[in-house]
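Structural features, examined
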Amino acid sequence: MSAPAANATGAAQETALAVSHLNITFGSGAAAMTAVDDVSFTLGHGEAFGLIGESGCGKSTILRALVGLNRDYEGTIRFRDTVVPRQRDKNFFRRVQMVFQDPYASLHPRKMVQYVLAEPLRIHGFDRHQERIDEILSAVGLGPSFRYRFPHELSGGQRQRVAIARALIIEPELLLLDEPTSALDVSVQAEILNLLKQLRRARDLTYLMVSHDLAVVTHLCERVGMMSEGRIIEEMSAEDVRAGRAAEPYTREFLEASTGYRPAS
Amino acid sequence: MAKPLLEVEDLFVSFRGAHRTTQAVRGISFNVGREKVGIVGESGSGKSLTGRTVLKLTPKAAHIDAKRLSFDGIDLLAASERQMRSIRGNRISMILQDPKFSLNPLMRVGQQITEAYRLHHKVGRREAEARALAMLEAVKIRDPDRVYQLFPHEVSGGMGQRIMIAMMLIPEPDLIIADEPTSALDVTVRRQVLTILDELVTRRGAGLMFISHDLNLVADFCDRVLVMYAGRIMEDIAARDLRNARHPYTRALLDSLPRLDRATDMLQVPSRDPAWLDGPTIRSGVAT
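Rules used in this analysis
- Residues numbered from 1 in each chain as written.
- Chains lettered and ligands numbered in written order.
- Predicted model: local features only at pLDDT ≥ 70, side-chain atom pairs only at ≥ 80, totals over all residues.
- Helix = DSSP H or I, 4+ residues; strand = E, 2+ residues; numbered from the N terminus.
- Rg over C-alpha atoms; globule rule 2.2 N^0.38 Å.
- Buried ≥ 20, exposed ≤ 12 C-beta atoms within 10 Å, placed from the backbone.
- Contact = placed C-beta atoms within 7 Å.
- Pairing = 2+ DSSP bridges.
- Axes fitted to C-alpha atoms, helices over the stretch in contact; angles between N-to-C directions.
- Nonpolar A, V, L, I, M, F, W, Y, C, P; charged D, E, K, R; others polar.
- pLDDT = per-residue confidence, 0-100.
- Core = buried A, V, L, I, M, F, W, Y, C linked by C-beta atoms within 7 Å.
- Parallel < 35°, antiparallel > 145°, perpendicular 65-115°, else oblique.
- Left-handed = near helix turned anticlockwise from the far one by under 90°.

1. Overview of the overall build of chain B
Counting secondary structure elements, chain B contains ten helices and 13 strands. Over its C-alpha trace chain B gives a radius of gyration of 20 Å, about what one expects of a compact globule, namely 19 Å for 288 residues. C-alpha extents for chain B along the principal axes are approximately 60 × 50 × 45 Å. In chain B, which comprises 288 residues, the share counted as buried stands at 44%. Long-range contacts, defined here as pairs at least 24 residues apart, represent 67% of the contacts in chain B between residues at least 6 apart.

2. Observations concerning the overall build of chain A
What chain A contains, in helices and strands, is eleven helices and ten strands. Relative to the 2.2 N^0.38 estimate, which gives 18 Å for 265 residues, the radius of gyration of chain A is 19 Å and therefore close to what a compact globule would have. Each principal axis of the C-alpha atoms in chain A carries an extent, and together these give about 55 × 40 × 40 Å. Every one of the 265 residues in chain A was classed for burial, and the buried ones make up 42%.

3. Looking at the pairing of strand S8 (residues 206-211) of chain A
Residue and element names in this part refer to chain A. With six of six residues buried, S8 lies mostly within the body of the structure. Two elements, strand S3 (residues 48-52) and S8, share five bridges in a ladder whose sense is parallel. When the sheet's bridge partners are listed, Phe49 is paired in S8 with Leu208. Bridging between strand S7 (residues 174-178) and S8 involves five bridges; their strand directions are parallel.

4. Structural notes on the sheet that holds S3 of chain A
Residue and element names in this part refer to chain A. The strand order across the open sheet built from six strands is S6-S7-S8-S3-S9-S10, with neighbouring strands paired in mixed fashion. What marks the edges here is a single partner per strand, and that holds for strand S6 (96-99) and strand S10 (231-237). When strand polarity is set aside, the average angle formed by the axes of neighbouring strands in this sheet is 20°. The pairing of S6 with S7 spans four bridges and is classified as parallel. Residue Met98 lies in a different strand from S7, and its bridge partner there is Leu176.

5. A few points about the interface of chain B and chain A
Listed as interface residues are 31 residues of chain B and, on the opposing side, 27 residues of chain A. Those elements that provide at least two residues to the side of chain B that touches chain A are helix H8 (187-204) and helix H9 (215-221) of chain B. In terms of residues, the side of chain B that touches chain A owes the most to one element, H8 of chain B, which gives eight residues. Along the lines of polarity and charge, the residues of the side of chain B that touches chain A split into 14 nonpolar, eight polar and nine charged.

6. Some words on the sheet that holds strand S2 (residues 33-44) of chain A
Residue and element names in this part refer to chain A. Reading across the sheet, the four strands line up as S2-S1-S4-S5 and stay open at both edges, with antiparallel pairing between neighbours. Here the strands that pair on one side only, and so sit at the sheet edges, are S2 and strand S5 (82-83). Inspection of the sheet shows strand S4 (residues 74-79) paired to S5 by two bridges, in the antiparallel sense. Pairing of Arg78 across the sheet is with Val83, part of S5.

7. What to know about the environment of Gln13 of chain A
You can see Gln13 of chain A is positioned in the loop between helix H1 (6-9) and strand S1 (15-26). The spacing of Gln13 of chain A and Leu43 of chain A is 30 residues in sequence and 9.5 Å in space, taken between C-alpha atoms.

8. Quick word on unusual backbone geometry
Here the phi dihedral of Arg80 of chain A falls at roughly 55°; this positive angle occurs in a residue that is not glycine. Within the secondary structure, Arg80 of chain A is located in the loop between S4 and S5. In this structure, Ala230 of chain B takes a positive phi of about 50° despite not being glycine.

9. A look at the confidence of the model for chain B
A low pLDDT means the predicted coordinates there should not be read in detail. Scored by pLDDT, chain B has a mean of 91; 99% of the residues are at 70 or more. Interface confidence in the predicted complex, given as ipTM, is 0.80; pTM for the same model is 0.85.

10. Regarding the environment of Asn194 of chain A
Residues and elements named next belong to chain A. Position of Asn194 relative to the elements: it lies in helix H8 (residues 186-203). Residue classification places Asn194 among the partly exposed positions, given that 19 C-beta atoms sit within 10 Å. Taking C-alpha positions, Asn194 is 9.7 Å from His219, a pair spaced 25 residues apart along the chain.

11. So, the environment of Ala16 of chain A
Residues and elements named next belong to chain A. Along the chain, Ala16 falls in strand S1. Placed 62 residues apart in sequence, Ala16 and Arg78 show a C-alpha to C-alpha distance of 8.1 Å. Beyond its immediate sequence surroundings of up to four residues, Ala16 is in contact with Leu43, Gly44, His45, Arg80, Glu173, Leu174 and Thr206.

12. What to know about the nonpolar core
Residues and elements named next belong to chain B. Residues Ala166 and Phe210 are the most contacted members of the largest nonpolar core, which totals 157 residues. Ranked by the residues each element gives to this core, the list is headed by helix H7 (residues 157-169), at eight residues. Filtering out sequence-adjacent residues up to four positions away, Phe210 remains in contact with Lys36, Val37, Gly38, Ile39, Ala178, Val218, Phe221 and Cys222.

13. Focus on the packing of helix H5 (residues 113-123) of chain A against helix H6 (residues 129-139) of chain A
All names here are of chain A. Following both chains from N to C, one finds H5 and H6 inclined at 120°, their axes separated by 10 Å at the closest point. Classified by the angle their axes make, H5 and H6 are oblique. As H5 runs across H6, the sense of the crossing is right-handed. Taken together, the residues of H6 that come into contact with H5 (itself represented by Gln114, Leu117, Ala118 and Leu121) are His129, Arg132, Ile133 and Ile136. Across the contact of H5 with H6, the residue classes break down as five nonpolar, two polar and one charged.

Printed below as a string of structure tokens:
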């Protein structure tokens, strides 16, 4: 772990991820539906970038294309200045991992936590399995006794911690977060957000987060891309969001609607 | 002040198991008048169960016990199932979280609204249909004649929730229980739906029990807020005073939220005090 402070100073940083002119269309002919429309953005190393928008705006579709779950896209995705192949290789997954929205669905119900954590180690040929499992469990705030639990023996927050541990155990550089706290209570959400912040500092990670909750995104990310109908319509810093500095009318409406209830006119 | 619509005193709801009894709601008391009362709490705090208990729509295994559970002078505890049926939908109605699961998928939405009206009012089909169309218009659906003919899978989430509201409000109930009515909706749609609900409730002078986990929303939308934890009411407070709440649990919940107005580094994670389990309820800043 060296110099994790680079991101805080905003000094010249290497590019971790560069997405250019990404287009994703579902269906063909007259029924074609453009889900992602010419989206470009870059993420510096150690940076946290958030994509925000309403359901159906294409934010999760982008994540699925990035991680290789949907290979049918146009445009280029560069990771560390190398264009990633459509068929992602093992090396890519070693360095890019994803945490899904619903920890109740993303853990295998019949596999013990230690099996869940050992599997990526085995796939990527890591040594010292037992030590690494203990290390990562304590890093996500769970004790070594959690090794022997099944998912149904864990609370929602604990499950999400296991999901984060599973993603981090192979020491990736980029973490893709798909609404990691939207299935959790506010107090548990606070725990997980703190954990993500802390891990990012300690491990010099880069985050790409997708959420519909503006407060959550601006808490974790320095930069936010507002999405609407498949496009990133505006990129702003977390500071801009807090100060309500939005150029696009849609972003303004979204900001206003996110701050409690005022009757719509 | 007029007599409250709903009076709840010392309500217990428990589930008997083979080995032990789980008490989900433990001795709560509150009143709801013709006002908007928010009930907030984390999952498992008993907020939804409290809402269902008022309609006696609890699972069979649930055992309800209370000193008083009355609605507009009717003792709900003693009411027969027949009496409850004349109350449900007609005088107290419930809006559920997700319209995808609460609308009948095989029936056109207009027919569902008409049915809700005709069940409680002796009117002809024509009149009920006209009423349903008027109601769809009242929930700001632009093309009611077209939407009337649609099936639930053909409408969006926000529109589905407005249809639910139309269906629940058409019999003109006195009390509406809304269980997370906007949690499944996007923020901008949420605002439309709440505005409609707000208008209709205020115009008709009905009471609203608004169950939610979103403290900020409840603080802005409701008149009064009940904060629940582990089956008890921790605090009963005017919504405008919520940000100056006295109970440590209410404070902790507020502090655990990421904020949009200023940057925070680490969020407060609420620590829980076992003394709260049997502690007093703070009503408008006074422990009782």
